[in-house]
Amino acid sequence: MIHAYRMHGTNLVLDVSSGAVHVFDDAAFRVLECFGQDGRLDEKKFSKLKEEMPEREIREALDEIRSLISEGLLFSEDPYEEFLPQWTRNTVVKALCLHIAHDCNLRCRYCFAGAGEYLGERSLMSLEVGKKAIDFLIENSGNRRNLEVDFFGGEPLMNFDVVKGIVGYARSREQDSGKRFRFTITTNILLLNKDKRDFINEHMDNVVLSIDGRREVNDAMRQRLDGTGCYDRILPLAKAMVEERGHQNYYVRGTFTRDNLDFGEDVLHLADLGFEQISVEPVVASAESGLDIREEDIPRACAEYERLAKIYAERRADGRWFNFFHFMLDLEGGPCIAKRLRGCGSGTEYLAVTPEGDLYPCHQFAGQPEFLLGSVFTGFSGNPVREEFYCSNVYEKPECRECWAKYYCSGGCAANAWKFNQDIKKTYRIGCELEKKRIECALWIKAQESR
Amino acid sequence: MKHIKTINGKTLNRDVKKAGCGECQTSCQSACKTSCTVANQKCEKK
Ligand code: SF4
Ligand code: SF4
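Residues numbered from 1 in each chain as written. Chains lettered and ligands numbered in written order. Predicted model: local features only at pLDDT ≥ 70, side-chain atom pairs only at ≥ 80, totals over all residues. Heavy atoms only, no water.

### A look at the overall build of chain B
Tallying secondary structure elements over chain B gives 0 helices and 1 strand in all. Here chain B, with 46 residues, has 59% of them falling under the buried criterion. Accessible area for chain B stands at about 2200 Å²; split by element, carbon and sulfur atoms hold 50% of it. (Helix = DSSP H or I, 4+ residues; strand = E, 2+ residues; numbered from the N terminus. Buried < 20%, exposed > 50% of the residue type's maximum accessible area, 1.4 Å probe, protein only. Areas by Shrake-Rupley, 256 points an atom, 1.4 Å probe, with all protein chains shown as cover.)

### Some remarks on the side chain of T91 of chain A
Here T91 of chain A lies in the loop between helix 4 (84-88) and strand 4 (95-99). Discounting chain neighbours no more than four positions away, the residues touching T91 of chain A are R342, T348, E349 and Y390 of chain A. (Contact = heavy atoms within 4.5 Å.)

### Concerning the packing of aromatic side chains
Residues and elements named next belong to chain A. Tallied over the entire structure, the rule returns 19 aromatic pairs over all chains. Where F256 meets Y305, the ring centres are 6.3 Å apart and the plane angle is 70°; that geometry is what we call edge-to-face. Of this pair, F256 sits in strand 10 (residues 250-256) while Y305 is found in helix 11 (residues 298-317), placing the two residues 49 residues apart along the sequence. Here F256 matches Y305 in class, with each residue buried. Taken together, the ring pairs connect F256, F263, Y305, Y312, F322, F324 and F327 into an aromatic cluster. Taking NZ or CZ as reference, R386 lies 3.8 Å from the ring centre of F380, over its face. (Phe/Tyr/Trp six-rings, centres within 6.5 Å; stacked < 30°, edge-to-face > 60°. Lys NZ or Arg CZ within 6 Å of the ring centre and 35° of its normal.)

### Here we look at the sheet that holds strand 3 (residues 21-24) of chain A
Reading across from one edge, 1(A)-2(A)-3(A)-1(B) is the order of the 4 strands in this open sheet, with antiparallel pairing throughout. The sheet terminates laterally at strand 1 (2-7) of chain A together with strand 1 (4-8) of chain B, the two strands that pair on one side only. Direction aside, neighbouring strands of the sheet carry axes that sit 25° apart on average. Across the sheet, helix 3 (residues 55-70) of chain A touches strand 3 of chain A together with strand 1 of chain B, and the angle it forms with strand 1 of chain B is around 30°. Strands strand 1, strand 2 (10-15) and strand 3 of chain A together with strand 1 of chain B of the sheet are contacted by helix 17 (residues 429-449) of chain A, whose axis makes an angle of about 70° with strand 1 of chain A. (Pairing = 2+ DSSP bridges. Axes fitted to C-alpha atoms, helices over the stretch in contact; angles between N-to-C directions.)

### Looking at unusual backbone geometry
All names here are of chain A. Residue G154 follows G153 across a cis peptide bond; omega there is 10°. Within the secondary structure layout, G154 lies in the loop between strand 7 (146-152) and helix 6 (160-177). In this structure, H8 is a non-glycine residue whose phi angle is positive, near 45°. Here H8 shows up in the loop between strand 1 and strand 2.

### Observations regarding the interface of chain B and chain A
Tallying the contact residues gives 42 residues for chain B and 83 residues for chain A. Here chain B packs against chain A, burying approximately 5100 Å² in sum over the two surfaces, 53% of which is carbon and sulfur. Along the contact surface separating chain B from chain A lie 1 salt bridge. One salt bridge in this structure joins E60 of chain A and K2 of chain B, with 3.0 Å as the shortest N-O distance. At the junction of chain B and chain A, the tally comes to 16 residue pairs in polar contact (both at pLDDT 80 or more). (Buried area = accessible area lost by both parts, 1.4 Å probe. Salt bridge = Lys/Arg side-chain N within 4 Å of Asp/Glu carboxyl O. Polar contact = N/O pair within 3.5 Å; in protein donor to acceptor, adjacent residues only side chain to side chain.)

### Digging into the sheet that holds strand 9 (residues 206-210) of chain A
All names here are of chain A. Pairing within the open sheet is mixed, and its 11 strands lie in the order 12-11-10-9-8-7-4-13-14-15-16. Every interior strand has two partners, whereas the edge strands, strand 12 (323-324) and strand 16 (379-380), have only one. Examined bridge by bridge, strand 13 (residues 350-353) and strand 14 (residues 358-360) share 2 bridges and lie antiparallel to one another. By the bridge assignment, A352 is partnered in strand 14 with Y360. Across the sheet, helix 6 lies against strand 4, strand 7 and strand 8 (180-187), angled at about 165° from strand 8, the strand it touches most.

### Digging into the domain arrangement of chain A
According to the domain assignment, chain A consists of domain 1 (2-79) and domain 2 (92-327). Taking the mean C-alpha position of each, domain 1 of chain A and domain 2 of chain A sit 42 Å from one another. (Domains from an automatic or database assignment.)

### Describing the pattern of salt bridges
Oppositely charged side chains can pair when the atoms bearing their charge come close. Residues and elements named next belong to chain A. Inspection of the entire model under this criterion finds 34 salt bridges over all chains. R30 is the partner of E52 in a salt bridge, and the nearest nitrogen-oxygen pair spans 2.5 Å. In this pair, E52 sits in helix 2 (residues 43-52) while R30 sits in helix 1 (residues 26-32), placing the two residues 22 residues apart along the sequence. The exposure class of R30 is partly exposed, given its relative accessible area of 32%. In this structure, the salt-bridge partner of E349 is K94, at a minimum N-O distance of 3.7 Å. Of the two residues, E349 sits in the loop between helix 12 (337-342) and strand 13 while K94 sits in the loop between helix 4 and strand 4, which places them 255 residues apart along the sequence. The buried category is assigned to E349, whose relative accessible area is 10%. The class of K94 is buried, set by a relative accessible area of 1%.

### Observations regarding the site of ligand 1
All names here are of chain A. Around ligand 1, a shell composed of E399, C400, C403, K406, C409, G411, G412, T427, C432 and K436 is seen. Elements with a minimum of two residues in the shell around ligand 1: helix 14 (398-401), helix 15 (406-409) and helix 17. Of the residues contributing to the shell around ligand 1, the split by class is 4 nonpolar, 3 polar and 3 charged. (Near = heavy atom within 4 Å. Nonpolar A, V, L, I, M, F, W, Y, C, P; charged D, E, K, R; others polar.)

### So, helix 7 (residues 194-203) of chain A
All names here are of chain A. For helix 7, every residue scored as buried is listed here: K196, R197, F199, I200 and H203. Mapping the buried residues of helix 7 onto a view down its axis gives an arc of 165°, with all of them on the same face. Facing away from the buried surface of helix 7 by more than 90 degrees, the exposed residues are D195 and E202. On the buried face of helix 7, the contacting elements are helix 6, strand 8, strand 9 and helix 9 (231-244). (Arc of directions from axis to C-beta.)

Below is the structure:
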């Protein structure tokens, strides 16, 4: 399978299975268009092309295309499916998302967790539950050495003493268990005072700071209980945090909705503020919210990604470098193919723990009774739904199997698939369209940077 | 080549036999999280 497209005057061709990426000139691109996805030349199209293009050019281009094919760099076969059983056999739990607080001091209008409460009551995780979660992770992680714990909410800073207690407990168990913990925290920044920043800087591998971009955009969504926006309060705290971390291992992340389909401006605003690690993502919200990205918004959102990609490449070249998370693509390195086929690992390698200690496939499933998988106190309950997560990979999802982006996207988000289609194997189409555009942009940026 | 420039060679199928050690980070891809596409993650072995 190949994916051939044109962006800002560059013809790009991705050979899906090998990961090879080529830039074609217009002549070669036209010749390539005469090939089917099976790698065979369509004689009809080809003879038509011969009437339109000089024969010598056609022959040269054809020779080059054929040599790529013979080297396995174009129309290459997918050799991975047979390895799947070997890669899924030893799946163990390696990451937990701890819902430290099902409560929040903001009322973001797009929040999937319903003001931090999810589907339950307002509650805080106790240290006892947190310690049990660490024990559970150690016991269920087999031979894996690196374990991840993400402090999430609601808003985790509302229960920060427990965060500290859990970190201390996990560290105290590193030696006897032979494990190494990596901590991350995702916060709305409001309570990020010096003490907390110091603790986070000392103990956390990554910190994710939520801010949506321009003041008016942020404040229209990220509001306090009294309806006031939080931009002016959080910006200095976020800047201090990043400064004190030496500009390493953090992300500022925002969400865009159909109210700001010019979200590129928000990305650039964050870059202008001095942030270098930026993530701004499409909201996943229901139609009732009025904020959801709709079919009719796709062309505008895609055009905005392309516009941003161009500015991004220029800025990175002229010394105003920054990273936009969704344009980052490690072509030479990156994760192994086993990971690319399976994605986030929700329900298998990755689980969410509620304040009460209940286990769910991931934070977005928390509180949905049919997805309750057990508890940190009693272990897995044997809920058969877990099997579905085990079998979740790009070959099992019909849309993904045929999709050129599968080894970069890894099959999308099960929670979105459930939310929109009540089937974790049925992909969320709008998400797919935006994801594919981001990957196209990322490849285009690589092409610019390799000039 | 005159008409085609290859900017990335065969990279996905390089280490099929060694793949799947599982020490790498998990990666949520949704809008609410430390989210990211899988493709930009690091391999723990390198
Ligand atoms: S873009 Fe959609 S169809 Fe393609 S791999 Fe991702 S989730 Fe699957
Ligand atoms: S299912 Fe979706 S929200 Fe849950 S961990 Fe995976 S990508 Fe993230």
